[in-house]
Amino acid sequence: MIKVMHLMKKIPNGPTVLNDITFQSGRGELIAVMGASGSGKSMLLRCLGLRESWSGGSLWVDGTDIFRKGYTAKLKLWREFAYLEEKPALNPNRTALKNTLVGTRYQTPWWRMLTGMVRNDDYMGAMDMLEKVGLLDKAHAKSSTLSGGERQRVAVARALVHGARVILADEPVTGLDPHAAEAILNDLRNVCHTQGVTMILVLSQNDWAERFADRILGLNEGELVFDITGRRLTQRERMLL
Ligand SMILES: Nc1ncnc2c1ncn2[C@@H]1O[C@H](COP(=O)(O)OP(=O)(O)OP(=O)(O)O)[C@@H](O)[C@H]1O
């Protein structure tokens, strides 16, 4: 479904941050990206979400070469690939439910962006999605009262309600207590497997990646040093990070 071929990112007058990254991912996979600080994890996500230009390489989604297809293909990708920052921007005065219903700029009609008006079907869809990410009991809480992890999950629910098929999230559980982090990763994995959504997450802890991800990509100094499926890392692989 997603095929990344020879992705290269060079900062103008600066370093090469990603070099010759090639991998594929299937529908409904949860993929963890691991690597030391500065290895290029955030840049990889930003490049996949087209938040950064590519210096080289090609991106194929469902058989379409995105860079060759021009603006319409990119627009489709911006709609379908949700890039979630470490601290997603939510309206603090709106409830979790309203924030879920009102999407980001590429996903929401202008009148809904301004007014927050919703239809009944949309309302039920958003409640379903909040339930799937384990937040039904917080649906009517103002987002300013939610924890960092809960806000991340509202952002995930919002992306899913607005038709995201791929979610790119940078350290979605960093800073949470281990128990909460594991519960969230469990919810996210269920969403992948039941909704056919692909998630590519930067995860800082090896054991979370090993326990929850279907695949693990390892980055070191901008290079992909391993791409493993369905098993734990070997000692040698750990040393590569
Ligand atoms: N605009 C930029 N100009 C120069 N260097 C940059 C720029 N953006 C990123 N870099 C460099 O690219 C490298 C990778 O950055 P990136 O943020 O992707 O790392 P990371 O693996 O996500 O790190 P961390 O775990 O600390 O967040 C770093 O060395 C960073 O300094």
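Everything discussed here concerns the structure shown above.
Description of the structure in this document.

Rules used in this analysis
- Residues numbered from 1 in each chain as written.
- Predicted model: local features only at pLDDT ≥ 70, side-chain atom pairs only at ≥ 80, totals over all residues.
- Helix = DSSP H or I, 4+ residues; strand = E, 2+ residues; numbered from the N terminus.
- Rg over C-alpha atoms; globule rule 2.2 N^0.38 Å.
- Buried ≥ 20, exposed ≤ 12 C-beta atoms within 10 Å, placed from the backbone.
- Contact = placed C-beta atoms within 7 Å.
- Near = placed C-beta within 6 Å.
- Nonpolar A, V, L, I, M, F, W, Y, C, P; charged D, E, K, R; others polar.
- Pairing = 2+ DSSP bridges.
- Core = buried A, V, L, I, M, F, W, Y, C linked by C-beta atoms within 7 Å.
- Axes fitted to C-alpha atoms, helices over the stretch in contact; angles between N-to-C directions.
- Expected span 1.5 Å × (residues − 1).
- Arc of directions from axis to C-beta.

1. Some thoughts on the overall build of the protein
Logical step 1: Along the backbone of the protein there are ten helices and ten strands.
Logical step 2: Rg of the C-alpha trace for the protein: 18 Å, near the compact-globule value of 18 Å for 241 residues, within the 12% margin.
Logical step 3: Taken over the C-alpha atoms alone, the protein extends approximately 50 × 45 × 35 Å along its principal axes.
Logical step 4: Among the 241 residues that make up the protein, the fraction classed as buried is 39%.
Logical step 5: Once local pairs closer than 6 in sequence are excluded, the contacts in the protein between residues at least 24 apart make up 69%.

2. Examining the site of the ligand
Logical step 1: The environment of the ligand is formed by Ile11, Gly14, Pro15, Val17, Gly35, Ser37, Gly38, Ser39, Gly40, Lys41, Ser42 and Met43.
Logical step 2: With three residues, helix α1 (residues 41-48) is the largest single contributor of residues to the shell around the ligand.
Logical step 3: Split into classes, the residues belonging to the shell around the ligand amount to four nonpolar, seven polar and one charged.

3. Points about the pairing of strand β9 (residues 215-220)
Logical step 1: Most of β9 sits out of view: five of its six residues are buried.
Logical step 2: For strand β3 (residues 30-35) and β9, the ladder comprises five bridges, and the chain directions are parallel. The residue bridging valine 33 from the neighbouring strand is leucine 217, located in β9.
Logical step 3: Pairing geometry for β9 and strand β10 (residues 223-229), over six bridges, is antiparallel. Across the sheet, residue leucine 217 finds its bridge partner in β10, namely aspartate 227.

4. Examining the nonpolar core
Logical step 1: If you look at the biggest cluster of nonpolar residues, it comprises 65 residues, and the most contacted ones within it are Val33, Ala157, Ile167, Leu168 and Met199.
Logical step 2: The element that contributes the greatest number of residues to this core is helix α7 (residues 148-161), accounting for seven residues.
Logical step 3: Once residues lying within four places of it in the same chain are set aside, the contact partners of alanine 157 are Thr100, Ala126, Met129, Leu130, Val133 and Leu135.

5. Looking at the sheet that holds strand β4 (residues 56-61)
Logical step 1: With antiparallel pairing, the four strands of this open sheet are ordered in space as β2-β1-β4-β5. Only two strands of the sheet have a single partner each, and these edge strands are β2 (16-25) and β5 (64-65).
Logical step 2: Pairing geometry for strand β1 (residues 2-10) and β4, over five bridges, is antiparallel. Within β4, the position partnered with isoleucine 2 by the bridge is valine 61.
Logical step 3: The strands that α1 touches are β1 and β2; relative to β2, the one it contacts most, it runs at about 60 degrees.

6. Section: helix α8 (residues 178-195)
Logical step 1: If you check α8, its first and last C-alpha atoms are 25 Å apart, about what 18 residues at 1.5 Å a residue would give, namely 26 Å.
Logical step 2: Buried within α8 are the following residues: Ala181, Ile184, Leu185, Leu188, Val191 and Cys192. Within α8, the buried residues cover an arc of 115 degrees as seen down the axis, which keeps them to one side. Those residues of α8 that are exposed and aimed more than 90 degrees away from the buried face are His179 and Thr194.
Logical step 3: Positioned one or two residues after α8, glycine 196 has a phi angle of 70 degrees, which is positive.

7. Brief notes about the pairing of β3
Logical step 1: Among the six residues of β3, six are classified as buried, and the element is accordingly described as predominantly covered.
Logical step 2: Looking at chain direction, β3 and strand β8 (residues 198-202) are connected through four bridges and run parallel. Across the sheet, the residue bridging to leucine 30 is methionine 199, located in β8.

8. Side note on the sheet that holds β10
Logical step 1: Spatially, the six strands line up as an open sheet ordered β6-β7-β8-β3-β9-β10, and their pairing is mixed. The two strands at the open ends of the sheet, each matched to only one other strand, are β6 (81-84) and β10. Strand-to-strand twist in this sheet, taken as the mean axis angle between neighbours without regard to direction, amounts to 15 degrees.
Logical step 2: Examined bridge by bridge, β6 and strand β7 (residues 166-170) share four bridges and lie parallel to one another. Residue pairing for β7: alanine 82 is matched across the bridge by isoleucine 167.

9. As for the environment of serine 42
Logical step 1: For serine 42, the location among the structural elements is in helix α1.
Logical step 2: Counting along the chain gives 28 residues from serine 42 to glycine 14, while the straight-line C-alpha distance between them is 17 Å.
Logical step 3: For serine 42, the contacting residues outside a window of four places in its chain are Asp170 and Val202.

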